[in-house]
Amino acid sequence: FPSHDINAFGCKDTSASVTTTFNPLPEVPVISLENDTVCQPSTLNFSTTAAASGFAWTGTGLVPEPTTASFQLSNTGFYTVQLTITDANGCTNSDIQTTLVSPVPAISITTQSGSSSICAGTELLLNASSGFVSYAWSDGTTSIGTNQGILINQAGTFEVIGTTASGCTSLPAS
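First, a word on what this report is: a plain description of the structure on this page. (Residues numbered from 1 in each chain as written. Predicted model: local features only at pLDDT ≥ 70, side-chain atom pairs only at ≥ 80, totals over all residues. Heavy atoms only, no water.)

Re the layout of surface pockets
Move 1: Each pocket or cavity is described by its volume, and for the largest pocket that value is around 300 Å³.
Move 2: Contributing to the lining of the largest pocket are 19 residues, with Ser-116, Leu-124, Ile-152, Gly-156 and Phe-158 lying nearest its centre.
Move 3: The class makeup of the residues in the lining of the largest pocket is nine nonpolar, 10 polar and no charged. (1 Å grid on protein atoms, 1.4 Å probe; cavity = no way out; pocket = protein on both sides within 12 Å on 5 of 7 lines; lining within 4 Å. Points joined across faces, edges and corners; volume = space filled by probe spheres on them. Nonpolar A, V, L, I, M, F, W, Y, C, P; charged D, E, K, R; others polar.)

Next up, the structure:
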């Protein structure tokens, strides 16, 4: 409330006072990512240890603003995710992380001769396309190799799955 005092010159002296409180900002929330690169489509889980009365996750490709820290990312590209926390005093703080969603890698099988038909008693070399750090060959029921190429000496249906350096796994090729 204003107070009115008369000063030495006979003038009314008007003053007002207010008490202010500066609340500290909440602790900066730390976003933890399982990986900074994931494969398409992928569920990406974020977590934080920040204590707050409210959370708001926002970011490119996140529709709508999620109320949990788990997102289904179906498109490739970079995603930037921001976590904003609000404490009981209405003060906010935030953290930002970026992750890359890599496309499903394509793998193919070729033969040395270009044909998948051979004569009995001979072998056929099947080669998977390059660009993978590991390979898993199968005859449909049994694992039969882990190299980029395998030699076969019997008829059958063979498939290979490749895994990239970023951990993305191809769809099977046969």
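With respect to the environment of Cys-91
Move 1: Here Cys-91 is to be found in the loop between β8 (77-86) and β9 (92-102).
Move 2: The buried category is assigned to Cys-91, whose relative accessible area is 15%.
Move 3: With 68 residues separating them along the chain, Cys-91 and Asn-23 place their C-alpha atoms 7.5 Å apart.
Move 4: For Cys-91, the contacting residues outside a window of four places in its chain are Asn-23, Pro-24, Leu-25, Pro-26, Ile-85 and Thr-86. (Helix = DSSP H or I, 4+ residues; strand = E, 2+ residues; numbered from the N terminus. Buried < 20%, exposed > 50% of the residue type's maximum accessible area, 1.4 Å probe, protein only. Contact = heavy atoms within 4.5 Å.)

Some points on the nonpolar core
Move 1: Grouped together as the largest cluster of nonpolar side chains are 12 residues: Ile-107, Leu-124, Leu-126, Ala-128, Phe-132, Tyr-135, Trp-137, Ile-150, Ile-152, Phe-158, Val-160 and Ala-173.
Move 2: When residues of this core are traced back to their parent elements, those giving at least two are β11 (124-128), β12 (134-138) and β14 (149-152).
Move 3: Examining the composition of this core, we find that three residues originate from one element, β11, more than from any other. (Core = buried A, V, L, I, M, F, W, Y, C linked by side-chain atoms within 4.5 Å.)

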